[in-house]
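Chain by chain, the residues:
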Amino acid sequence: MRNFRELEIWQDAIELVKAVYALIEQLPESEKFGLKPQMSRCAISIPANIAEGCSRDSQKDFVRFLQISLGSAFELETHLIISSDLSFFELDTDLLADIHKLQKRINALIKYSKTNY
């Protein structure tokens, strides 16, 4: 069993969740049941799946949860782009860069972990 708290990608994902929660407060009330819950769920899914994967006994299971986490990161990016395109807020380029960096790091961990099946 791995200690997820020691993984920098998990720590960075937690910081991302905080940034997303601050940002989604800018969404209009009409998105109370639309983009708001979708964005919060996929943001939370990133560190949650990293943590859950760390509890798994096999490297293959760990990789599977990392893949789910990566998918959630891409989903979050898509929701941010849609929100910006709908003029709900201006897309924060720093936040987007943080997401891209996290996506690359999760992908690198997936590749590394696959070599250790």
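Structure shown above.
To keep things clear, this report deals only with the structure shown in the data block. (Residues numbered from 1 in each chain as written. Predicted model: local features only at pLDDT ≥ 70, side-chain atom pairs only at ≥ 80, totals over all residues. Heavy atoms only, no water.)

Structural notes on the environment of aspartate 92
Point 1. Checked against the element boundaries, aspartate 92 lands in the loop between α3 (59-85) and α4 (93-114).
Point 2. You can call aspartate 92 partly exposed: its relative accessible area is 37%.
Point 3. Residues aspartate 92 and tyrosine 21, 71 residues apart in the sequence, show an inter-C-alpha distance of 13 Å. (Helix = DSSP H or I, 4+ residues; strand = E, 2+ residues; numbered from the N terminus. Buried < 20%, exposed > 50% of the residue type's maximum accessible area, 1.4 Å probe, protein only.)

Quick word on the packing of aromatic side chains
Here the distance between the centres and the angle between the planes together describe a pair of aromatic rings.
Point 1. All chains considered together, the criterion is met by one aromatic pair.
Point 2. Taken together, a centroid distance of 5.0 Å and an interplanar angle of 70° make the contact between phenylalanine 4 and tryptophan 10 edge-to-face. For the pair formed by phenylalanine 4 and tryptophan 10, the shared burial category is buried.
Point 3. The ring of phenylalanine 62 has arginine 2 lying over it, and the distance from NZ or CZ to the ring centre is 4.0 Å. (Phe/Tyr/Trp six-rings, centres within 6.5 Å; stacked < 30°, edge-to-face > 60°. Lys NZ or Arg CZ within 6 Å of the ring centre and 35° of its normal.)

Remarks on the packing of helix α2 (residues 35-54) against α3
Point 1. For the pair α2 and α3, interaxial distance at closest approach is 8 Å and the crossing angle is 160°. It follows that α2 is roughly antiparallel to α3 by the angle criterion. Note on packing geometry: the crossing formed by α2 with α3 is left-handed. Residue-level contacts link Leu35, Gln38, Met39, Cys42, Ala43, Ser45, Ile46, Asn49, Ile50, Glu52, Gly53 and Cys54 of α2 to Phe62, Phe65, Leu66, Ile68, Ser69, Ser72, Ala73, Glu75, Leu76, His79, Leu80 and Ser83 of α3.
Point 2. Classifying every residue of the contact of α2 with α3 gives 14 nonpolar, eight polar and two charged. (Axes fitted to C-alpha atoms, helices over the stretch in contact; angles between N-to-C directions. Parallel < 35°, antiparallel > 145°, perpendicular 65-115°, else oblique. Left-handed = near helix turned anticlockwise from the far one by under 90°. Contact = heavy atoms within 4.5 Å. Nonpolar A, V, L, I, M, F, W, Y, C, P; charged D, E, K, R; others polar.)

Interpretation in functional terms is not warranted from these geometric data alone.
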